[in-house]
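Residue-level structure breakdown
Residues per chain are reported as follows:
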Amino acid sequence: MQDMGSAWEHLDREVAETPMPAEYSNLYREVLCKDCGKSSKAGFHVVGMKCGECGSYNTSIEGPFLRKTGSDFVALSETDLQGLYAVPLPEGEGEQDTEADELNDEDEENSDDYEDIEEETDDEGPGSDDDSIPSLD
Ligand SMILES: [Zn+2]
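Residues numbered from 1 in each chain as written. Predicted model: local features only at pLDDT ≥ 70, side-chain atom pairs only at ≥ 80, totals over all residues.

Strands sit in the order S2-S1-S3-S4 across an open sheet of 4 strands; the sheet is antiparallel. Whereas interior strands pair on both sides, the edge strands pair on one side only; in this sheet they are strand S2 (39-43) and strand S4 (72-75). Sheet twist, expressed as the mean angle between neighbouring strand axes with direction ignored, is 45 degrees. Pairing of strand S3 (residues 59-69) with S4, which is carried by 4 bridges, proceeds in the antiparallel orientation. The partner of lysine 68 across the bridge, within S4, is phenylalanine 73. (Pairing = 2+ DSSP bridges. Helix = DSSP H or I, 4+ residues; strand = E, 2+ residues; numbered from the N terminus. Axes fitted to C-alpha atoms, helices over the stretch in contact; angles between N-to-C directions.)

Following this line, the structure appears as structure tokens:
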């Protein structure tokens, strides 16, 4: 089996470097870990949801948003969710696509026009069939 430890450490760093909006700070979701097969409540984060059992990020979200109040988890109401969706989420730092538009200016204006190819075949054959060959006597 693959050792994903280093991958998870990388994600740990990314999570740490990607602060979530305050609105999300106490939010958890129930996740099912695909590595250890256990379900746990993971702090909601755009980078990834970490299994509370084995630390894997190879998880799938199983439950709705939960807010941790004290030691209880309370499901969010519709209005809570509406408010949440209005909050812009940060983007994972590591995955940034620097959309550097590289020089894509391949001008094709100089394509020569080869449309002038003559297709006239003016073949009359070598020598015309003339019976009027002058016979020199
Ligand atoms: Zn796990």
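Resuming the write-up.
Relative to the helices and strands, valine 46 resides in the loop between S2 and S3. The exposure class assigned to valine 46 is partly exposed, which follows from the 15 C-beta atoms found within 10 Å. Between the C-alpha atom of valine 46 and that of glutamate 14, which follows or precedes it by 32 residues, the distance is 10.0 Å. (Buried ≥ 20, exposed ≤ 12 C-beta atoms within 10 Å, placed from the backbone.)

Turning next to the nonpolar core. The biggest cluster of nonpolar side chains holds 11 residues, and these are Leu11, Val15, Leu27, Val31, Cys33, Ala42, Phe44, Val47, Met49, Cys51 and Tyr57. Put simply, the parts of the chain that give this core at least two residues each are helix H1 (5-17) and strand S1 (27-33). For this core, the leading source of residues is S1, giving 3 residues. For cysteine 51, the contacting residues outside a window of four places in its chain are Val31, Cys33, Asp35, Cys36, Ser40, Ala42, Ser56 and Thr59. (Core = buried A, V, L, I, M, F, W, Y, C linked by C-beta atoms within 7 Å. Contact = placed C-beta atoms within 7 Å.)

Looking now at the confidence of the model for the chain. Of all residues in the chain, 67% have pLDDT values of 70 or greater, and the mean over the chain is 82. Scored below 50 in pLDDT, residues 95-105 shows 1 contact in the model against residues more than four places distant or in partner chains. (pLDDT = per-residue confidence, 0-100.)

All right, on to the environment of isoleucine 61 then. You can see isoleucine 61 is positioned in strand S3. Here isoleucine 61 is in contact with Arg29, Val31 and Met49, once residues within four sequence places are set aside.

Tracing the backbone through its elements, the reader meets aspartate 35 in the loop between S1 and S2. In this structure the C-alpha to C-alpha distance between aspartate 35 and asparagine 58, which are 23 residues apart in sequence, comes to 6.5 Å. When residues no more than four places from it in sequence are discounted, the contact partners of aspartate 35 are Cys51, Cys54, Ser56 and Asn58.

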